Structures are given as structure tokens and as C-alpha cells.
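Residue-level structural notes
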Amino acid sequence: LDRRSRRMLFAPRTPRWRRRKIAYARLAMDACLQKGLFFCSAGVEQDENATLPHKLLLFGFGFFILISVSAYVANLAAFLTKSTIDSVSTMDAAIQAGLTICAHP
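Here goes a summary of the coordinates provided. (Residues numbered from 1 in each chain as written. Predicted model: local features only at pLDDT ≥ 70, side-chain atom pairs only at ≥ 80, totals over all residues. Heavy atoms only, no water.)

Helix and strand counts for the protein chain stand at four helices and zero strands. The buried share among the 105 residues of the protein chain stands at 7%. Of the roughly 9,900 Å² of accessible surface on the protein chain, 65% is carried by carbon and sulfur atoms. (Helix = DSSP H or I, 4+ residues; strand = E, 2+ residues; numbered from the N terminus. Buried < 20%, exposed > 50% of the residue type's maximum accessible area, 1.4 Å probe, protein only. Areas by Shrake-Rupley, 256 points an atom, 1.4 Å probe, with all protein chains shown as cover.)

Now the structure itself:
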């Protein structure tokens, strides 16, 4: 094989502009994740040399923590704002209402 045909045989299949587009998209996603992790971690600086999969893992973990804390706060707010209509203030009122009273001997 001559030099030209060898170069065509082993040349990458994707054009140069497509490889650049993929590289720039990856860099943009990496920068977005880095800034998002910095914002979500209350400004604690993360490892700048972390790989993209590591940043994605941290982002997913941060999102899970966000959802968990939000669910806890929503449940707590619902519990604290619940009106208690069946409340009794004295033992005589509980006996008259026919409620079960549990007591430890």
C-alpha cells in the first residue's frame, strides 16, 4: 500500500468538525456540572481534576439529597399544620368520649 491509501485506510471515520463538536459539547457539559456542583455544595470547592463520571455521580447524589430533604420538610410541614379535631384535654372528657386509655402500671 502506498502512503495515501494507507492514510485513507486508517483515517478516523468521523469528520474533523464532528469530533470538535463532540469535544466542545463535553467541555461545556463538564463546565456546567462543575458550576452546578459548586452551587449545590454551598460553595465548597470540589476537586477540579475530577473526571466527568465522578462529577455526574456527585451531581446525582446531590439531586437525591435535595429530593430527600424536600420530602422531609414537606412531610414535617403537613404534620405541623394538621388540625387535631379529636383532641381531649382531660381524663373525664376521654372517658365520656369512650376513647381507649392505655396506662403503664
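Here the narrative resumes.
On the surface, a nonpolar cluster with roughly 970 Å² of combined accessible area is contributed by Phe61, Phe64, Ile65, Val69, Tyr72, Val73, Leu76, Phe79 and Leu80. Using a relative accessible area of 61% as the deciding quantity, one classes Phe79 as exposed. (Patch = residues over 30% accessible without salt bridge, like charges linked within 9 Å, V, L, I, M, F, W, Y side chains within 5 Å. Salt bridge = Lys/Arg side-chain N within 4 Å of Asp/Glu carboxyl O.)

With that settled, consider the environment of Phe59. With respect to the element layout, Phe59 can be found in helix H3 (residues 52-80). The exposure class of Phe59 is partly exposed, given its relative accessible area of 37%. Spatially, the C-alpha atom of Phe59 lies 8.5 Å from that of Cys40, the residues being 19 residues apart in sequence. Excluding residues that lie within four positions of it along the chain, Phe59 makes contacts with Leu33 and Leu37. (Contact = heavy atoms within 4.5 Å.)

Bringing helix H2 (residues 16-40) into the picture now. Its 25 residues place the ends of H2 36 Å apart at the C-alpha level, agreeing with the 36 Å of an ideal helix rising 1.5 Å per residue. Those residues of H2 that fall on the buried side of the exposure criterion are Leu33, Gly36 and Leu37. Buried residues in H2 make contact with H3. (Expected span 1.5 Å × (residues − 1).)

This part is about the packing of H2 against H3. Direction vectors running N to C along H2 and H3 enclose 40 degrees, while the axes themselves pass 10 Å from each other. Taken together, H2 and H3 sit at an angle that is classed as oblique. Crossing of H2 over H3 shows left-handed handedness. Counting all contacts with H2, which are made through Arg26, Met29, Asp30, Leu33, Gln34 and Leu37, the residues of H3 involved are Leu52, Lys55, Leu56, Leu58 and Phe59. Among the residues making up the contact of H2 with H3, the classes are represented as seven nonpolar, one polar and three charged. (Axes fitted to C-alpha atoms, helices over the stretch in contact; angles between N-to-C directions. Parallel < 35°, antiparallel > 145°, perpendicular 65-115°, else oblique. Left-handed = near helix turned anticlockwise from the far one by under 90°. Nonpolar A, V, L, I, M, F, W, Y, C, P; charged D, E, K, R; others polar.)

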